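Here is how the chains run, residue by residue.
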Amino acid sequence: MNDLWPYLADAHRAGRPIVMYGMGNGADKILAVCEHYGIEVSDFFASDGFVRGHSFHGKTVLSFSEVCEKYGAENLIVLLSFASSRPEVLSLIESVAARCELYAPDVPVCGEELFDRVFYEAHRAEIAAARSLFADEESRRVYDGIIEYKLTGRIDVLRATESSPDTAYRDILHAERFAVAADLGAYNGDSIRELRAYAPTLTDVIAMESDRRNYRKLTEYAEALRASGDPLRLWAVNEGAWSEPTVLTFHDSGNRNSGVCKPAAANAASPLPSTADNKFFGKTVEVTVNALDNVVASTVGEGTRIDYIKYDVEGAECEALLGSRNVILRDSPALLVSAYHRSGDLFSLPMLLHELNPAYHLYLRRMAGIPAWDINLYAVV
């Protein structure tokens, strides 16, 4: 497998124009890696019809037609810098890829470690160990495909790893058996709404959400349930999921950048800006975090069996799992753990789950979209 970044560096030295499709935080991260490798981005563009005369990093944003006219579509290397799972947007991306050489560089949502060839070689043994824990061949196929994508940036490789939520909820989790669930990183209740379509017997959901704006929407959802006479009891908790009760600094962005701040990487040569220094993360606030083991006792009651836990906590999955260890050992609930926020999640989270409860059978699936987000690790007994 070609390593994308050295390939781009060679292409730049050979005089090929490298342009970026999209702007914002994703573009900023990719630009930081390009700068680290000595790769110059010639221009930025948006899809035809979406250009409004704005600029980004001192360059006027062009339309796709304009960038093709300027450089020639056959000469371009396009770096996709935004994320989407919407079919119409994915279709636009595919139309650009049909005319140009296009890559979607993998940069982590959290942390400063890039999943490049150096990272892969340094963690080869752990990657292999985690792969051996998966319970079916499809999980191993998805795992291999995601790793190949992370190294190459090829969207055809990435899209071949997609599957449907139906497969996960019905065939792996068997959600129809759930009565009590916990949603860690509940956002505005969207994942609870999705779960209810597959879990008609659901009676209680503990919903932990630390972001103030998201929590307000979550409580509005809980109030609407009560007002309508819906039998579901939603226990909204304005705390982040962690390994113990404490107060942490939190990015107050209300989007994919919302999460616990991490200090700058010890390795000063890291190609990615630290979360502490990246201006796109916005202001920070202090938030209360807690272990799910404690929250269960203060909501549904200490002796209540938990059937299912979802973890999507923007890079704090390891700590949140450690904060659930008592429930995991006692009840062996079905788990959905997001495994895409940090470069090491693909191998560190399966190994942690196996350590916490060796009885679990582990599966890996990825939902539709670009880049490699919505990678879900499932654990069931």
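Criteria and thresholds
Residues numbered from 1 in each chain as written. Predicted model: local features only at pLDDT ≥ 70, side-chain atom pairs only at ≥ 80, totals over all residues. Heavy atoms only, no water. Axes fitted to C-alpha atoms, helices over the stretch in contact; angles between N-to-C directions. Helix = DSSP H or I, 4+ residues; strand = E, 2+ residues; numbered from the N terminus. Parallel < 35°, antiparallel > 145°, perpendicular 65-115°, else oblique. Left-handed = near helix turned anticlockwise from the far one by under 90°. Contact = heavy atoms within 4.5 Å. Nonpolar A, V, L, I, M, F, W, Y, C, P; charged D, E, K, R; others polar. pLDDT = per-residue confidence, 0-100. Salt bridge = Lys/Arg side-chain N within 4 Å of Asp/Glu carboxyl O. Buried < 20%, exposed > 50% of the residue type's maximum accessible area, 1.4 Å probe, protein only. Pairing = 2+ DSSP bridges. Right-handed = clockwise from strand over helix to strand, strands pointing away.

1. Regarding the packing of helix H6 (residues 124-131) against helix H15 (residues 345-356)
Then, in step 1: One can describe the packing of H6 onto H15 by two numbers: an axis separation of 8 Å at closest approach and a directional angle of 50°. Here H6 lies oblique to H15, going by the angle between them. For the element pair H6 and H15, the recorded crossing hand is left-handed. Every residue of H15 that contacts H6 at Glu 126, Ile 127, Ala 129 and Ala 130 is listed here: Leu 346, Phe 347, Pro 350 and Met 351.
Then, in step 2: Among the residues making up the contact of H6 with H15, the classes are represented as 7 nonpolar, no polar and 1 charged.

2. Quick word on the confidence of the model for the chain
Then, in step 1: Looking at the chain as a whole, the pLDDT averages 92, with 92% of positions reaching at least 70.
Then, in step 2: Between residues 263-268, whose pLDDT stays under 50, and residues either more than four places distant or in other chains, the model counts 5 contacts.

3. Some details on the pattern of salt bridges
Then, in step 1: The full count for this structure, using the stated rule, is 23 salt bridges.
Then, in step 2: With its nearest N and O atoms 3.0 Å apart, the salt bridge here joins Arg 16 to Glu 101. Remark: Glu 101 occurs in strand S7 (residues 101-103) and Arg 16 occurs in the loop between helix H1 (4-13) and strand S1 (18-21); sequence separation between them is 85 residues.
Then, in step 3: Residue classification places Arg 16 among the partly exposed residues on the basis of a relative accessible area of 25%.
Then, in step 4: A salt bridge links Arg 154 to Asp 156, with the nearest nitrogen and oxygen atoms 2.7 Å apart.
Then, in step 5: Of the residues examined, Arg 154 reaches a relative accessible area of 34% and is grouped as partly exposed.
Then, in step 6: Each of the salt bridges in this network shares a partner with another, and the network as a whole consists of Glu 94, Arg 159, Glu 162 and Arg 366.

4. Remarks on the pairing of strand S6 (residues 77-80)
Then, in step 1: Side chains of S6 alternate between two faces, with Ile 77 and Leu 79 and Val 78 and Leu 80 buried alike.
Then, in step 2: As defined by bridge partners, S6 adjoins S7 across 3 bridges and the pair is classed as parallel. Paired with Leu 79 across the strands is Tyr 103, a residue of S7.
Then, in step 3: After leaving S6, the chain enters helix H4 (residues 87-99) and then returns to the sheet as S7, a path that is right-handed.

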